[in-house]
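Residue-level listing of the chains:
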Amino acid sequence: MIKRVQEAEGIPNLVNRDRINRERVRTYVDRLDHGGSNQDIQATGDELIAKEDGIIRMALQNPNGIRVRSDERTLQEVAAIQQLQLDVVAFPECNLSTRGQTREVMQTQIAATGESVRIVQASARTEITVSEYQPGGVLTAFVGKITGRVEESYRDPWGRYSWTRLRGDRGEGIQQITAYRVCQKARAHAGASTSYSYQVQQMLQEELDRDRQLQREGRTIPSSTRSRLNPRKRLFEDLEKAISAARDKKFRVVLMMDANEDWTKKDGKELKAFMEKVQLRDPLYERHYGEEVTATYARGTKRLDYILMDAALLGSVRRIGTLGLHEAMQSDHVMVYVDFDEREAFDGQLNRPVRIPSREFILAQSDKCEKFMKVFLEQAELHNYGTRIDVESLLSR
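A few points on the structure. (Residues numbered from 1 in each chain as written. Predicted model: local features only at pLDDT ≥ 70, side-chain atom pairs only at ≥ 80, totals over all residues. Heavy atoms only, no water.)

Looking at the overall build of the chain
Each helix and strand counted, the chain has twelve helices and twelve strands in total. Across the 397 residues in the chain, those meeting the buried criterion constitute 50%. Restricting the contact set of the chain to residue pairs at least 6 apart, pairs at least 24 apart contribute 74%. Carbon and sulfur atoms form 49% of the exposed surface of the chain, whose accessible area is close to 20,300 Å². (Helix = DSSP H or I, 4+ residues; strand = E, 2+ residues; numbered from the N terminus. Buried < 20%, exposed > 50% of the residue type's maximum accessible area, 1.4 Å probe, protein only. Contact = heavy atoms within 4.5 Å. Areas by Shrake-Rupley, 256 points an atom, 1.4 Å probe, with all protein chains shown as cover.)

Below, the structure written as C-alpha cells:
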C-alpha cells in the first residue's frame, strides 16, 4: 500500500514538519488501503488526523521484520514515518542484527528528507552470520525536533528492550521504552535459533556464572532454577527495575511494547499484574472504555500491542488509537499511535492540576454527570468496590 502511494505521489521532502501541507496528509490518510488478509481489523479509538502544531506523535508498529525489499526504493517504515508525521516510532521484533546495513539505510533515507534522526536498536549478541536476520530485537527511531530532547539511551544486550530519556523542563522528562516479549511460555519447545531459546541460554549462563562465583567463595550453591526459567517473566522483572530507576531520576515512563498478551482477557493475568505493580496505565482502553478495541494481530482476536504510560502523562494525551491492518505498512500487526501535547508532557510538573480546558466536565453539565455515573457504577461492580471498601465507616468520619 505504501509503495503504491509512493509511486503515485513520491515521498514529500518534509524539511519542516510543522509546516507540512496538511491537506496532503489528510489525502494520504483517506486513501490508506483497508485491504489485506483480515478485513475485520479496523481502526479504533481516536481517528488519525494531520498532526497539529505543538503535538508529539509516537507510534508502535511490529513490522514483522525490517528488511530492504528489492522492489522498493524506500523502506516502508521510512514511508510511514514521513507520511504519518511520526516523531517517535517503536519497532518491536524488528528481526535485525546490529551489524547489518538496514539500519544505516533507514537513517540515510530519513536524513535525506532534511530531518534529524536518532536510531536506537537492541538485538541479541550472537555469532556473526552472513544474513542480517536476527530473531527478536527492537528498534526505535526519533525524528525531527524531538531528537533535541534525547539525553541518554540504553540497549539491552539480550535484545529485549531499549530505553531513551527525553529531557523536559525542571530536570524532568519522559523515558520512552520499546520492548518485545516473546510469545513462548516457560518450558516451551522452541527452535534453537529463536529469541526465546537465546534468552533461556543467557539465563542459564547467568546461573552457571553465579554458581562458579559461589564455589570460589566456598559458599553453598543453591538448587538449580533451570526448570523454572521464564523469559516472559524475566522481561517484566527487568523492566520494573528500569522503570523504577527512571522515576528516581524524575522521568515519567511511556512503555511501547508487543506484550504477546491481552490483559483484558482471563489469560492476561501476568501483564495485568505487571501493569498494576509498576503503576502504568492503558490510555487507549481508558479513553475508549465501552467501545470495541479490536485485535492488534492478524492471526488472533487479542490486543498484543500497547502504549502504556504513567498517570501523570494522561492529561497531555490528545488522541490515541489504532490503525486498521496494513493501513500504516504491510505487517501482521496494526499500528498503535498517541498524540501528546508537547508543552504539557514536558513542562516538568509531576503533580500539576488538570488545566481547565482539559477537564472533562463540571457538575452543571447533567448529561456528562449521568454518563460519568454510568461508567463509574460499571467499574465499581467490575472491581468489587462494594466489598472492598467500608462505605459506612467512611461516611461516619
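Picking up where we left off.
Side note on the pairing of strand 8 (residues 173-180)
Counting buried residues in strand 8 gives eight out of eight residues, a clear majority hidden from the surface. Going residue by residue along strand 8, you find Gly173, Gln175, Ile177 and Ala179 tucked away on one face and Ile174, Gln176, Thr178 and Tyr180 tucked away on the opposite face as well. Direction of pairing for strand 7 (residues 161-167) relative to strand 8: antiparallel, over a ladder of seven bridges. Bridge pairing in strand 8 links Thr164 to Gln176. Where strand 7 hands over to strand 8, the hairpin turn is made up of five residues, of which Arg170 adopts a positive phi near 60 degrees. As defined by bridge partners, strand 8 adjoins strand 9 (residues 251-258) across eight bridges and the pair is classed as parallel. (Pairing = 2+ DSSP bridges.)

Topic: the sheet that holds strand 8
As summarised here, the arrangement of the five strands in space is 6-7-8-9-10, forming an open sheet in which the pairing is mixed. Two strands lie at the open edges of the sheet, namely strand 6 (150-155) and strand 10 (305-309), each paired on one side alone. Within this sheet the neighbouring strands show an average axis-to-axis angle of 15 degrees, counted without direction. Along the sheet, helix 6 (residues 231-248) contacts strand 7, strand 8 and strand 9; its crossing angle with strand 9, the most-contacted strand, is approximately 155 degrees. (Axes fitted to C-alpha atoms, helices over the stretch in contact; angles between N-to-C directions.)

Concerning the pattern of salt bridges
Applying the stated rule across the entire model yields 28 salt bridges. A salt bridge links Arg57 to Asp339, with the shortest nitrogen-to-oxygen separation between them at 2.7 Å. Of the two residues, Arg57 is situated in strand 2 (residues 55-60) and Asp339 in strand 12 (residues 336-341); the sequence distance between them amounts to 282 residues. The burial state of Arg57 is the same as that of Asp339; both residues are buried. One salt bridge connects Arg103 with Glu104, and the closest N-O pair in it is separated by 3.5 Å. (Salt bridge = Lys/Arg side-chain N within 4 Å of Asp/Glu carboxyl O.)

Overview of helix 7 (residues 269-278)
Buried within helix 7 we find Leu271, Phe274, Met275 and Val278. In a view along the axis of helix 7, the buried residues occupy a sector of 100 degrees, so they form one face of it. Residues of helix 7 that are exposed and point more than 90 degrees away from the buried face comprise Lys269, Glu276 and Lys277. Elements in contact with the buried residues of helix 7: helix 6, strand 9 and strand 10. Just beyond helix 7, the residue with positive phi is Gln279, at close to 60 degrees. (Arc of directions from axis to C-beta.)

Quick look at a nonpolar patch on the surface
A grouping of Phe372, Met373, Phe376, Leu377, Tyr385 and Ile389 is seen on the molecular surface, where their side chains present a nonpolar patch of about 540 Å² in accessible area. With four residues, helix 10 (residues 366-382) is the single largest residue contributor to the nonpolar patch. With respect to the element layout, Leu377 can be found in helix 10. Judged by its relative accessible area of 51%, Leu377 falls in the exposed class. (Patch = residues over 30% accessible without salt bridge, like charges linked within 9 Å, V, L, I, M, F, W, Y side chains within 5 Å.)

Looking at unusual backbone geometry
One non-glycine residue, Glu93, lies in the positive phi region at around 55 degrees. Note that Glu93 resides in the loop between strand 3 (88-92) and helix 4 (102-111). Positive phi, close to 60 degrees, is recorded for Arg170, a residue that is not glycine. Turning to its location among the elements, Arg170 is positioned in the loop between strand 7 and strand 8.

Overview of the packing of aromatic side chains
All told, the structure shown has five aromatic pairs when counted by the stated rule. Taken together, a centroid distance of 5.9 Å and an interplanar angle of 40 degrees make the contact between Tyr154 and Tyr161 tilted. For Tyr154, a relative accessible area of 30% puts it in the partly exposed group. Taking 5.8 Å as the distance between ring centres and 25 degrees as the angle between the ring planes, the aromatic pair formed by Tyr154 and Trp163 counts as stacked. (Phe/Tyr/Trp six-rings, centres within 6.5 Å; stacked < 30°, edge-to-face > 60°.)

Points about the sheet that holds strand 11 (residues 317-322)
Strand order in the open sheet formed by seven strands is 1-11-12-2-3-5-4, with mixed pairing between adjacent strands. The sheet is open, and its two edges are formed by strand 1 (44-45) and strand 4 (117-122), each paired on a single side. One ladder, built from two bridges, connects strand 1 with strand 11; its direction is antiparallel. Residue Thr44 lies in a different strand from strand 11, and its bridge partner there is Thr322. With respect to the sheet, helix 4 is in contact with strand 3, strand 4 and strand 5 (138-143), its orientation differing from that of strand 4 by roughly 165 degrees.

Points about the side chain of Gln176
Topologically, Gln176 is positioned in strand 8. For Gln176, the side chain forms a polar contact with the side chain of Thr178, separated by 2.8 Å. In this structure Gln176 touches Val88, Ala90, Thr140, Phe142, Ser162, Trp163, Thr164, Val254 and Met256, once residues within four positions along its chain are discounted. (Polar contact = N/O pair within 3.5 Å; in protein donor to acceptor, adjacent residues only side chain to side chain.)

Description of the pairing of strand 12
Counted residue by residue, strand 12 has six buried out of six residues, so it is predominantly covered. Going residue by residue along strand 12, you find Val336, Val338 and Phe340 tucked away on one face and Tyr337, Asp339 and Asp341 tucked away on the opposite face as well. Bridge analysis of strand 2 against strand 12 gives six bridges, and the strand direction is antiparallel. Within the sheet, the bridge partner assigned to Ala59 lies in strand 12 and is Tyr337. In the sheet, strand 11 pairs with strand 12 via five bridges, with the strands oriented antiparallel.

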